[in-house]
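# Architecture and fold: a report
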Amino acid sequence: MVVEVDGTKMSFPVCVEALLRSEVIEDALYKDEGLCVLGIFGKTAIQPGPPKESLINTLADKHLFPAFGGLEEDDGGLIRVFYSQESRVLYLVLDSVCDARQLLRACESLSAEVGHSDAHDFWKDAEQRHCLHLLYLFSLCHVLVAVHPNCAFDVTYDRLFRALDALRQKVLPFVRASIKDCPVSKEWKLNCRPCPPRLLFVFQLNGALKVSSGNGTDSGGTPDKPKKHSPRRRLQHALEDQIYRIFRKSRVLTNQSSNCLFTVPANQAFVYVVPGADEDPLAALLGHLRSNCTLREQDANAPMSGPRRYQKMRRLARQPNFGVDSSSTSAGGQPADCSLKEFLWQHVELVLTKKGFDDSVGRNPQPSHFELPTYSKWTQVARVLHQVLIHNTEEDTADLAAKAQSQLKVLEGFLDADAKFSENRCQKALPLAHSAYQSNLPHNYTTAVHKNQLAQALRVYSQHARGVAFQHYALQLHEDCYKFWRNGHQLCEERSLTDQHCVHKFHLLPQSGEKPEMDHNPPILNHNSRGRTTSACNCGRKQAQREDPFDIKSANYDFYQMLEEKCCGKLDRINFPVFQPSTPDPAPALACHDAPPSPSESSVPDEGEKLRAAATTTTDDATSAPNNIVQGHTQGDTSLSLALSLGQSTDSLEPYGETDSSETPVQHKRPSLVDRQPSTVEYLPGMFHSGCPKGLLPKFSSWSLMKLGSAKSYNCHTGLEQPGFLPGSSFLLPWDLVVRSRSEDDTGLMDPLDSGGTSLWPAPNKVPAGKRGSTGGLGRGRRRDDVARAYVGFEYEDSRGRRFISSGPDKIVKVLGPGGAKEPASRVLNTDMPLYIPTPTQGRGLKPHYAQLARLFIVVPDAPLEITLNPQVQPGPPPCPVFHPEQTEVVLPPDSLWVLRFPYSYVTERGPAFPPKENQPLTGYKVLRNILRATTISPPLQ
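Below is a summary of the structure that appears in this document. These figures come from a predicted structure and were not determined experimentally. All residue numbers refer to position in the chain's written sequence, counted from 1. Only residues with pLDDT of at least 70 get local features here, since the model is predicted, and only at 80 or more are side-chain atom pairs given and counted; chain-wide, interface and lining totals rely on the full set of residues. Think of the side-chain values as coming from all heavy atoms in the structure, minus any hydrogens and water.

When a carboxyl oxygen of Asp or Glu is within 4 Å of a side-chain nitrogen of Lys or Arg, the pair counts as a salt bridge. This model, assessed by the stated rule, comprises 18 salt bridges. Ionic pairing is found between E564 and R573, a salt bridge with its closest N-O pair at 2.9 Å. Among the residues examined, R573 registers a relative accessible area of 18% and is labelled buried. Of the charged contacts, one joins E889 and R933 as a salt bridge, the two residues approaching to 3.5 Å between their closest N and O atoms. With a gap of 44 residues between them, E889 in the loop between strand 25 (873–875) and strand 26 (890–892) and R933 in strand 31 (residues 932–936) connect regions that are remote in the sequence. Think of it in three bands: residues with accessible area under 20% of the maximum for their type are buried, residues over 50% are exposed, and the middle band is partly exposed, with areas taken using a 1.4 Å probe on protein chains only. In this description a helix means any DSSP run of H or I spanning at least four residues, a strand means any run of E spanning at least two, and both kinds are numbered starting from the N terminus.

Put into C-alpha cells, the structure is as follows:
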C-alpha cells in the first residue's frame, strides 16, 4: 500500500488513525473495484513465538510484520492497517492487552504502591478499550479471524461476544446518526455494517498433537486401515462442533444471521489449527522463499502484456499458490490438509466475487444484506466510526461520541465478573454491619459512641465482604451510619461546666428574645444535662436548686442575681470593677494567653500598697497621716480608695506562697496610665486570672463580697445561723491578732501583728501580751499590748446543699458543746486550702461526692487593724492559671462581718477547668495561702 505521510510515500503497515488522516494513492485500475476487509484479533502466547500479525505475511506473501516480536511503536488497543491493492484485501490487526507484550507493558506501568481497587480499575478500563476496538472491527470487516495460542477454545469469548452484542445494540442509534451522510447503501446505514461478518478461528497446535508422517495413522489405530481424515482435521471438526454448540446455547448465534453479532458458515470450515513447527525455522523461511520465487511453466511459456497481463496477474494474486500440497495426498492415502492461505482465501473469494454470506439457518432463512465498498467509501465510514467509538477530535461528532461512551456501563455485567461477585458479597455484608452498628444503641448518643459502634460495624463487615468493591461499600457503610446518627439520633455534644453532656438531641440555641421550639428541625432548645444541684445565695442565708450550667454567666452570675432579689439585694457590698463599654457594640478580646505571670511582673505593688506603706512609716509629724485613709474604712462605708479603684489587679500580685506581712513592701516605679486604665472597647470573654492581658475587664464579676452586719452579729457560741450546715460545723475559727498600744513618743508607729508574727522588744515595766492571763476577747478593756480576735471560716458546699466549715485541709469543724470552735484559724490561713474535699456524708453509690469551697466568712473586730483580702484560686494542676477577683486586694473595714462568695465554675478563654473526676488527686485544686493579711494602723488624730 502506498501511503503519503508528511509528503513521503511509504509502503508498510500503518496505524488506522494515520491511514484515515493520510492520502492514499490508488492505482487507477483498482480505484473503482471493491475491497474485502479482513480483521485479525485474539491472544498471543507468553512464550516467544510468532505473533498473530505474521498471518498477514502468509496471506500477502510479503514480510510486513516481524516473525518474532511485535512493532515497537504501539500502545494498548492500537489497530494497524495494511492494504494490498493487488489482492484487494484490507487487513486490520488489533493489538491489545490480550497480547503478551502489551500485557507486560501494562504491568510495568502499574507501580508497586497501587492498591487492589486501583489496579482493578486500570484493567477494567483496558478491557473496555479493547471492547470498543473490537466493536469497531465488527462494524467494518467482512471477515474476522480470532487467533488463539493453543488448541483449546477459550470460553471467555462467549462472554466477550455477548458483551459486544449488548454494547452494539446500545450504540446503534448513535452510529446510525453518524453515518447517515456517508455514500453507502441504505442497508449499511440501517445495520451500521457492510454485512454480518463471518468469524473464523485459528488455533496454534504448539506440539500438543503430533501428526504421524510415517503411515498417517493414529497411534491407537490399525496400520492396515487408513483413516479418512488426519488427526489435525478431526481436531478442527471437533472444535467447530464445540464452538457452534456453545454459541448456540448462549444465543450468540441464532437462525437469522442479520440479527447476530457475527456468523459462522454452515457448510464451510471456520476453524483452522496451525501445525507445530517441527522443522528448523530458517529452513521453513527458505522454503517459503523458494516457493514464491518459482515461476510456473505456463507463466513462463506464455508472456503477455497489456490488459490481459493485468487480468491474469489479478487472478494469480487472488488464487493462492498452494504448490503440490493442494492436489497431493499423504503417504497413507489421506487427503492432504489445506494451508492457512487456502483456508482463509475461500471466505475472501466469497466477498470479492460479491456472493456474500448466506449463513442463516432454519425453515425460513432470511437473506442478509451484503455490500462490497470501494476504498474511498470505506475510509469515509471508518473515519466517522473512529471519531464516535474510539477517539473523538471533531466537534461535529463530539455529542454522539459522548453518548456512545456513556453506554460502556453495559459491559460491566458481562466482563467484570470479579466486581459483580464482590458487589453481591459486599451488599450481603452491609445489613449485617448495619445491625452490628445499631445493636445496644440508645436513642441519642455522642460522637464517641458513634465511632465505637462504627468500628464494630466495620469489623463485622470485613469478616464477610470480599473483593474489589470492599472499599466502596465500606465508605457507603460510613455514610449510612453517619446519616442514621445525624437523622434524629445525634446527641448534643456540648458539655456543661461540671463536665456533663447535654441530654437533648442535636439542637440550636435560641437567640436573644427567641423562644424554644421543639418542632423546628433541628429543634431550638437550651442546653440541659438534667443535673440539678442545691446552692446558697451570695450571703448564704437562702438555698435554691439550680440547673447544671453550660456557660459562665449562668454559673457565676445569673443564679445569684436571681436569689439576690429575694434575699441579699439590700446588703452592703464591695463591687469589683467590671467592663464599662464606651461603644454600643463592644467586641471580646482575642489576644488572651493562659499563662501565669512571671515573678518580676507579679511583684509590682499597686497604689494601695504604697499608701499603706506610707501609713506604716514612723514619723514624728502627726499631720503626716492623712485622714481619708482611716475614714475610708469605717463601718458602713462601701466605697473604695482611689488607689484600689483603679483596677490594677495584675500589677499587684505577689509571688504565690511568699507573702510576708511583717516586711515593708519595696517601692517600685509608678505604673503608667496606659497600663492602669482598663479598656472600654474590648472586654475579657472569660474570667479574670493571672494570664489575662493588662487593661481588660469582664462584663460581669464572678465573685461577690458582701457585708452581713457588724462584728457582733456573729455569735461564737451559736455559729452561723444559716440553712444547710451539718450539725456542729457552722462555727468560725478564731484568729487572735496582737494590737500594740502606742505612747506619745511612738504615735503613728504601725506594726504588722498577727498570732504567728514577731513583735518588737517590749518596753520597760510592760508585760508582753499573753502573760496577763487575759484571753484578749472582744468587750474587754484594752491594755497597753492588747489582743483582738477575728473569726475566719472556709465554707464548703456539696451538690446536695450540705455545708460545713473546714478547720484544715483534711478536717471539718465539729463543735458538740458550748464555747465555739477551739482550733485557731492560723492553720487554714498559713497553708493552701483544697478547693475540693470529699464530703463527710457520702451516698450509697460507689462514685465519691466532693464539696467545693463556696464562701469565706471574715469577722473583722473593732480594733485599729487593717485586714486585707487577697483570694487566689488555682482550680487545676499546672499549667492552669491562678484566678482572682478583678480587684486583687481589698481592705475590709473594721467591726464588720463579711462573706466572700467564690465562683461556682472557673473558665478561661480556652475552656472550663472541670472539677476533679473519680480517683483523681485533689492536691492540684487549691486556694493559695495568705488569703488574709492583718496590719496595725495608727489611731485617728484627736
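Right, let's talk about the packing of helix 15 (residues 417–438) against helix 17 (residues 470–486) for a bit. It is at 10 Å that the axes of helix 15 and helix 17 come closest, and there the two elements cross at 30°. When the axes of helix 15 and helix 17 are compared, the pair comes out roughly parallel. Viewed along their axes, helix 15 and helix 17 form a crossing whose handedness is right-handed. Across from S422, E423, C426, Q427, L430, A433, H434, Y437 and Q438 in helix 15, the residues of helix 17 making contact are F470, Y473, Q476, L477, D480, C481, F484 and W485. Axes here mean lines fitted to C-alpha atoms, for a helix over just the part in contact, with angles spanning 0 to 180 degrees between N-to-C directions. Any angle between 65 and 115 degrees counts as roughly perpendicular, while under 35 counts as roughly parallel, over 145 as roughly antiparallel, and the rest as oblique. Crossing chirality is assigned from the near helix's rotation relative to the far helix, an anticlockwise turn below a right angle marking it left-handed and a clockwise turn marking it right-handed. The contact definition used throughout considers only heavy atoms, calling two residues in contact when any of these lie within 4.5 Å.

One key point about sheets: their strands pair by backbone hydrogen bonds, in either a parallel or an antiparallel sense. Strand pairing is defined by DSSP finding a minimum of two bridges between the two strands. The strand order across the open sheet formed by three strands is 21-30-25, and the pairing between neighbours is antiparallel. At either end of the open sheet lies a strand with only one pairing partner, and these are strand 21 (833–834) and strand 25. Bridge analysis of strand 25 against strand 30 (residues 925–927) gives three bridges, and the strand direction is antiparallel. Of the residues in strand 30, the one forming a bridge with Q874 is K926.

The next subject is a nonpolar patch on the surface. Patch membership is restricted to residues that have no salt bridge and whose relative accessible area is over 30%. Joining uses 9 Å for like charges and 5 Å for the nonpolar side chains Val, Leu, Ile, Met, Phe, Trp and Tyr. Only the protein chains shown count as cover for residues, and the accessible areas themselves come from Shrake-Rupley with a 1.4 Å probe. Among the surface-exposed residues, L282, L286 and L289 lie close enough to one another that they form a single nonpolar patch of about 290 Å² accessible area. According to the relative accessible area criterion, L282 is exposed, its value standing at 53%.

Membership of the largest hydrophobic core comes to 100 residues, with the highest contact counts inside it found for F41, F161, F201 and F262. Top element by residues in this core is helix 5 (residues 156–178). It accounts for 10 residues. Counting residues in hydrophobic clusters, the runner-up holds 79 residues, among them W703, V859, L897 and F902. In these notes, a set of buried Ala, Val, Leu, Ile, Met, Phe, Trp, Tyr and Cys residues joined through side-chain atoms within 4.5 Å is what counts as a nonpolar core.

Counting buried residues along strand 7 (residues 89–95), seven of its seven residues qualify, which places the element largely inside the surrounding structure. Both faces of strand 7 are covered, namely the face carrying V89, Y91, V93 and D95 and the face carrying L90, L92 and L94. Of the strand pairs in this sheet, strand 5 (residues 36–42) and strand 7 are connected by five bridges, and their pairing is parallel. Bridging across to strand 7, C36 finds its partner in V89. As paired elements, strand 6 (residues 78–84) and strand 7 share seven bridges and run antiparallel to each other. When the bridges of strand 7 are listed, I79 appears paired with L94.

When you tally the buried positions in strand 24 (residues 865–869), you get five out of five residues, the bulk of the element. Residues L865, I867 and L869 point to one face of strand 24 and E866 and T868 to the other, with burial holding for every one of them. One ladder, built from five bridges, connects strand 24 with strand 31; its direction is antiparallel. Within strand 31, the residue paired with I867 across the bridge is A934. Note that strand 24 and strand 26 share three bridges and pair antiparallel. Bridged to L869 within strand 26 is V890.

Distances and angles like these do not, on their own, reveal function.
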